[in-house]
Amino acid sequence: MTTSTSVRARLAFVALLSATTFYCIHKYRRLKRIKNLSLNPSSTSKANRGKIFFISQTGTAKALAQRLHELCALNDIAFDLVDPLSYEPEDLPKETRVLFIASTWDGGKPPQNGEFLVNWLAESAEDFRVGSLLLFECKFAVFGVGSRAYGESYNAVAKELSNRMKGLGGVEMIPVGEGDVDDGELDGAFQDWCDGVIRVLKGGSGQETNAVSQNGAVENDLEYIDSTDDEDEDDDAEGGLVDLEDIAGKAPSRRNGVVKVTKGDGKKEMVTPVIRASLTKQGYKIIGSHSGVKICRWTKSQLRGRGGCYKHSFYGIESHRCMETTPSLACANKCVFCWRHHTNPVGKSWQWKMDEPSVIVKGALDLHTKMIKQMKGVPGVTPEKLQEGLNPRHCALSLVGEPIMYPEINALVDELHGRRISTFLVTNAQFPEKILMMKPITQLYVSVDAATKESLKAIDRPLFADFWERFIDSLKALHEKQQRTVYRLTLVKGWNTEELDAYFNLFSIGKPDFIEIKGVTYCGTSATSKMTMENVPWHADVKAFSEALALKSKGEYEVACEHAHSCCVLLGRTDKFKVNGKWFTWIDYEKFHDLMASGEPFTSSDYMAETPSWAVYGAEEGGFDPEQLRFKKERHHHPKPQAVIA
């Protein structure tokens, strides 16, 4: 062997020995650090503190993260609660323990506060220069918050986080946890996931059946069915009344015994205990497993002789004899202006246990009359008005959700018409085939919440990927109906009030008899919507928009009525409902029922009635019935509100 060869061999040996020594020392230090973390989880040194990131849009994920943070503290495990918007992702390789609570937003994307972090992880995982061991010292776990109704994008952000972290060498403590905000199981799923995380952090296994208590101790628990199958349902309604925004951490647990499955065809009930509690808190009376009824404030108002709603002014409805109900609390949209703040279920098809139409109608009438009886003795409620109120003559199928989803909607309408109760049904324009198969009803509405594909997606937040095609087909289906049809436009300032031309272009598709244009109703602050009072148009704004639309129609439509109190204006077709200079927007309800009973074909012109002068657009009454007593409240804390005759 030559001298040079011998030297090279020695150098190679020294290099190999040095590399091996460095690797062993590094491995030893890492194992020692992990062991120390397991043996001493209460260590509060900055280096050992973990991070809990919340990626949240509406506040639900943040609330869950806060709950996990408190649970870690009770178990003497040091974690910081972090908004990723204020975190530098370049520091992630320094972390040893990371927990993500991540919601999924529009189109499977992360909410705004998590965009940068998620994108950084994705870019790093795809960058060959970074390598697959960037996060090899980091133990992590992910819990996703989403809605199964959105199909393939359900908890997409949580799954992506898990894959990206693993792709960069992170060690996943337990599988991704998934919570559905719509099925009433979010609390139970999150608690199960938390139990697994705490067990691992305490040095145990994520697969153990022991549960971590809220006071920090690990205790034995009874075995229970831990299932995320769609057939599962809560069996315990205890825990107080909650709103959707409060479900995180307050919903009844599914861990007390075996999960209940609905008897019969095996389908679950639409209204879970959590949803029932939420809607009941808001004043809804739940009928069976998927229907609801609620007394309207205008029903109370006209019972007291203080005026009716805009439907009284536009169509002659007796508001104190109107029952507001729905056979389906579920909806296929999550509109930004939803009055119910999305406490109702969502879905793209009927997948629940179904109650009979006769049961729903009887239940609605019974519950409605009970609420009417509670008005006895209220100032202004006369015995005559109370008796009339106990005999409803009208049903507004527009309470909440999508009534046309109910498979037996035609039979339900027959039940109502058989009692000579007229029907107004509102559909959200996502089920065109259902519109086509509908039997005649008194008046059929389609909600036209926006006039372009982009704004409709932003405002209605529909579940269907082909929502625009469904919307257009719904308008076409409306055109096929022979009875009264209506476009309902809800104006949201800053969202859809600039789409005048686009709205007008929709007129020719459905050719509705009427177009209701109403300013959005502000229902208070909600984590599910960014709307404020700035988005609510004045009545003058609604009038100007309506007049401009009518002008574009070149006489096909004119402004017919208004109800200033509701910030609502009605356009009517002049060729059908303006006769000899007079409007006929009101309905002859008895004539309608006679036509229905005859079994002969009829059209909207066959049961119209003349509109009273006080309801016509431009009248000094502004759509307020002069036979009612107008009650005005002072806005300056006046001790006694002033009552005046309109």
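- Going by the annotation in an unreviewed UniProt entry, the name recorded for the protein chain is tRNA 4-demethylwyosine synthase (AdoMet-dependent), with Cardamine amara subsp. amara given as the source organism.
- Note on the protein chain: under the UniProt heading Cofactor (unreviewed entry), the record states "[4Fe-4S] cluster".

1. Overview of the nonpolar core
Link 1 in the chain: In terms of nonpolar packing, the biggest core is built from 77 residues, with Val448, Phe471, Tyr487, Leu489, Ile517 and Leu549 touching the most fellow members.
Link 2 in the chain: Ranked by residues supplied to this core, first place goes to helix H14 (residues 467-479) with 7 residues.
Link 3 in the chain: Apart from residues lying up to four places away in sequence, Leu489 is in contact with Val448, Tyr503, Ile515, Glu516, Ile517, Lys518, Phe545 and Leu549.
Link 4 in the chain: Counting residues in hydrophobic clusters, the runner-up holds 27 residues, among them Ala65, Ile174, Phe190 and Val200.

2. What to know about the packing of aromatic side chains
Link 1 in the chain: All told, the structure shown has 23 aromatic pairs when counted by the stated rule.
Link 2 in the chain: Judged by centre distance (5.0 Å) and plane angle (75 degrees), the ring pair of Phe143 and Phe190 falls under edge-to-face. Pair noted here: Phe143 is in strand E4 (residues 139-146) and Phe190 is in helix H5 (residues 186-201), with a separation of 47 residues, a long-range link. Taken as a pair, Phe143 and Phe190 share a single burial class, namely buried.
Link 3 in the chain: For the ring pair Phe143 and Trp193, a centre distance of 5.5 Å and an interplane angle of 50 degrees mean the geometry is tilted. In this pair, Phe143 is assigned in strand E4 and Trp193 in helix H5, connecting sequence segments 50 residues apart.
Link 4 in the chain: For Phe143, a relative accessible area of 0% puts it in the buried group.
Link 5 in the chain: An aromatic cluster is defined as three or more aromatic residues linked by ring pairs; in this entry it consists of Tyr310, Phe314, Tyr315, Phe424, Tyr445, Phe514 and Phe577.
Link 6 in the chain: In this arrangement the basic side chain of Arg470 is found over the ring face of Phe464, its NZ or CZ atom lying 3.7 Å from the centre.
Link 7 in the chain: Directly above the ring of Tyr445 sits Arg488, whose terminal nitrogen or CZ lies 5.0 Å from the centroid.

3. Focus: the environment of Asp466
Link 1 in the chain: Along the chain, the position of Asp466 falls in the loop between helix H13 (453-460) and H14.
Link 2 in the chain: Asp466 sits in the partly exposed class, given a relative accessible area of 34%.
Link 3 in the chain: Taking the C-alpha atoms as reference, Asp466 lies 9.1 Å from Gln430; in sequence the two are 36 residues apart.

4. Observations concerning the sheet that holds strand E11 (residues 322-326)
Link 1 in the chain: In spatial order, the strands read E9-E10-E11-E12-E13-E14-E15-E16-E18-E17; together these 10 strands make up an open sheet with mixed pairing. The sheet terminates laterally at strand E9 (285-287) and strand E17 (557-563), the two strands that pair on one side only. Each adjacent strand pair in this sheet contributes to an overall mean axis angle of 25 degrees, direction not counted.
Link 2 in the chain: Examined bridge by bridge, E17 and strand E18 (residues 568-573) share 6 bridges and lie antiparallel to one another. Bridge pairing in E18 links Cys561 to Leu570.
Link 3 in the chain: Taken strand by strand, helix H15 (residues 500-510) contacts strand E15 (484-491), strand E16 (514-519) and E17, and its axis lies near 160 degrees from that of E15.

5. Let's talk about the pairing of E4
Link 1 in the chain: Counting buried positions along E4 yields 7 of 8 residues, so the element is predominantly enclosed.
Link 2 in the chain: Relative to E4, strand E3 (residues 97-103) runs parallel, the two being bridged by 7 bridges. Within E4, the residue paired with Val98 across the bridge is Phe140.
Link 3 in the chain: The parallel pair E3 and E4 is bridged by helix H3 (residues 115-126), and the resulting crossover is right-handed.
Link 4 in the chain: Both E4 and strand E5 (residues 171-172) contribute to a ladder of 2 bridges, which runs parallel. Looking at the pairing, Phe140 lines up with Glu172 of E5.
Link 5 in the chain: Handedness of the crossover joining E4 and E5 through helix H4 (residues 156-167): right-handed.
Link 6 in the chain: Two elements, E4 and strand E6 (residues 177-180), share 4 bridges in a ladder whose sense is parallel. Considered in E6, the bridge of Gly146 is made with Asp180.

6. So, the pairing of E16
For a regular strand, the rule is simple: side chains alternate between the two faces of the sheet.
Link 1 in the chain: In terms of burial, E16 is largely enclosed, as 6 of its 6 residues are buried.
Link 2 in the chain: Burial along E16 is two-sided: the residues Phe514, Glu516 and Lys518 and Ile515, Ile517 and Gly519 are all buried.
Link 3 in the chain: As judged from the 6 bridges shared by E15 and E16, these two strands associate in the parallel manner. Bridge pairing links Leu491 to Gly519 in E16.
Link 4 in the chain: As paired strands, E16 and E18 are joined by 5 bridges and run antiparallel to one another. Bridged to Ile515 within E18 is Leu571.

7. What about the pattern of salt bridges?
Side chains that differ in charge, positive against negative, can pair when their charged atoms come close.
Link 1 in the chain: Evaluation of the coordinates by the stated rule reveals 24 salt bridges.
Link 2 in the chain: In this structure, the salt-bridge partner of Lys94 is Asp91, at a minimum N-O distance of 3.4 Å.
Link 3 in the chain: With a relative accessible area of 63%, Lys94 lands in the exposed category.
Link 4 in the chain: In this structure, Arg488 engages Glu516 in a salt bridge whose closest nitrogen and oxygen atoms are separated by 3.7 Å. Placement of Arg488 in strand E15 and of Glu516 in strand E16 is noted, with a sequence separation of 28 residues between them.
Link 5 in the chain: Looking at Glu516, the relative accessible area reads 2%, which means it is buried.
Link 6 in the chain: Taken together, the salt bridges that share partners define one network made up of Arg49, Lys51, Asp80 and Glu95.

So, how was this worked out
Every chain is numbered independently, its residues counted from 1 as its sequence is written. The predicted nature of this model means local features are confined to residues of pLDDT at least 70 and side-chain atom pairs, given and counted, to a pLDDT of 80 or more, with totals for whole chains, interfaces and linings taken over all residues. To obtain the side-chain values, all non-hydrogen atoms of the structure were included, while hydrogens and water were left out. UniProt positions are given in the numbering used here, feature names are shortened, and annotations may be inferred rather than shown by experiment. Take the buried Ala, Val, Leu, Ile, Met, Phe, Trp, Tyr and Cys residues and link them wherever side-chain atoms come within 4.5 Å; each set so joined is a nonpolar core. Exposure is judged per residue with a 1.4 Å probe applied to protein chains only, and the accessible area is read against the type maximum: over 50% gives exposed, under 20% gives buried, and values in between give partly exposed. Each helix is a run of DSSP H or I of at least 4 residues and each strand a run of E of at least 2, with the numbering of both proceeding from the N terminus. Should any heavy atoms of two residues lie within 4.5 Å, those residues are considered in contact. Pairs were defined over the aromatic rings of Phe, Tyr and Trp, the Trp ring being its six-membered one, requiring ring centres within 6.5 Å. Orientation was assigned from the angle between planes: stacked under 30 degrees, edge-to-face over 60, tilted for the rest. The rule for a charge over a ring is simple: NZ of Lys or CZ of Arg within 6 Å of the ring centre, and within 35 degrees of the ring normal. Strands pair, by our definition, only if DSSP identifies at least two bridges between them. Only C-alpha atoms enter the line fits that serve as axes; for helices the fit covers just the stretch in contact. Angles between N-to-C directions range over 0 to 180 degrees. When the strands point away from the viewer, a crossover counts as right-handed if the path from the first strand over the helix to the second runs clockwise. Should a side-chain nitrogen of Lys or Arg be within 4 Å of a carboxyl oxygen of Asp or Glu, the pair is scored as a salt bridge.

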